[in-house]
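The residues making up each chain are set out below.
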Amino acid sequence: QFTRFPGGADLNVAVGLTRLGVRTIWASVLGEDAHADYLADVVDQLGITPLVRRAGGPTALMFKAGGAAGDPEVLQVRRHTAFALHADVLLSTDVIALDGIDHLHLTGITLGISPVVRAASFTLLEAAVAAGVNGGGHGILSCGRIKRVRWRAQCPGRRRCTWCTARASGRV
């Protein structure tokens, strides 16, 4: 028996900010499946503005089992998903303009999902810096808790993650 609910670092941050009264946009690429329909509906019901594109491939999923006596067993389906294959469809001219955007939250895990997602993340980060999101009292939030032990040990691109954090903070 499974209970379905939305989550993930990016959506969790959006929910928290929305609950604090901050107008929030959540952007993702979802598949053409029932999980995508569910997720799009829930995001909208949470009061978060969805910026959702649909593309071929399944919607990314995560299953957690157990955990009462320790860490839960986790199964993640991220590779070959709509987001992993088509994250670049989010990068239309209107999105890249970042009009009215004060903060951008990029989670570190996105850099390891696929080359398409990594390239889209770099493009969005550069657009945010160019749009001044990194200045004037605004900021780019880059997840600093990147599962330092487990994720960094597995990540062949940890230098990219360090570069993104430095770029977001204006040090590069």
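Residues numbered from 1 in each chain as written. Predicted model: local features only at pLDDT ≥ 70, side-chain atom pairs only at ≥ 80, totals over all residues. Heavy atoms only, no water.

Q: Explain a nonpolar patch on the surface here, please?
A: Among the surface-exposed residues, Phe-2, Phe-63, Leu-75 and Val-77 lie close enough to one another that they form a single nonpolar patch of about 380 Å² accessible area. Turning to its location among the elements, Leu-75 is positioned in strand E4 (residues 73–77). (Patch = residues over 30% accessible without salt bridge, like charges linked within 9 Å, V, L, I, M, F, W, Y side chains within 5 Å. Areas by Shrake-Rupley, 256 points an atom, 1.4 Å probe, with all protein chains shown as cover. Salt bridge = Lys/Arg side-chain N within 4 Å of Asp/Glu carboxyl O. Helix = DSSP H or I, 4+ residues; strand = E, 2+ residues; numbered from the N terminus.)

Q: Honestly, unusual backbone geometry in this entry has me stumped. Any pointers?
A: Excluding glycine, residues mostly carry a negative phi; peptide bonds, for their part, are mostly trans. Phi at His-80 is positive, roughly 60 degrees, even though this residue is not glycine. Inspection of the secondary structure assignment puts His-80 in the loop between E4 and helix H3 (82–86).

Q: Honestly, the environment of Leu-17 in this entry has me stumped. Any pointers?
A: The residue Leu-17 is located in helix H1 (residues 9–19) in this model. What Leu-17 contacts, discounting residues up to four positions off in sequence, is Val-22 and Thr-24. (Contact = heavy atoms within 4.5 Å.)

Q: I would appreciate a short explanation of the nonpolar core in the present structure.
A: When a protein is soluble and globular, its nonpolar side chains tend to lie buried together. By size, the foremost hydrophobic cluster in this structure holds 12 residues: Val-29, Leu-51, Ala-55, Ala-82, Phe-83, Ala-84, Ala-87, Leu-90, Val-95, Ile-113, Val-117 and Ala-120. When residues of this core are traced back to their parent elements, those giving at least two are H3 and helix H5 (115–130). Take this core: its biggest share by element is 3 residues, from H3. Other than its neighbours up to four places away in sequence, Phe-83 contacts Ser-28, Val-29, Leu-90, Ile-113 and Val-117. If you look at the next biggest cluster of nonpolar residues, it comprises 10 residues, including Leu-11, Trp-26, Leu-39 and Ala-40. (Core = buried A, V, L, I, M, F, W, Y, C linked by side-chain atoms within 4.5 Å. Buried < 20%, exposed > 50% of the residue type's maximum accessible area, 1.4 Å probe, protein only.)

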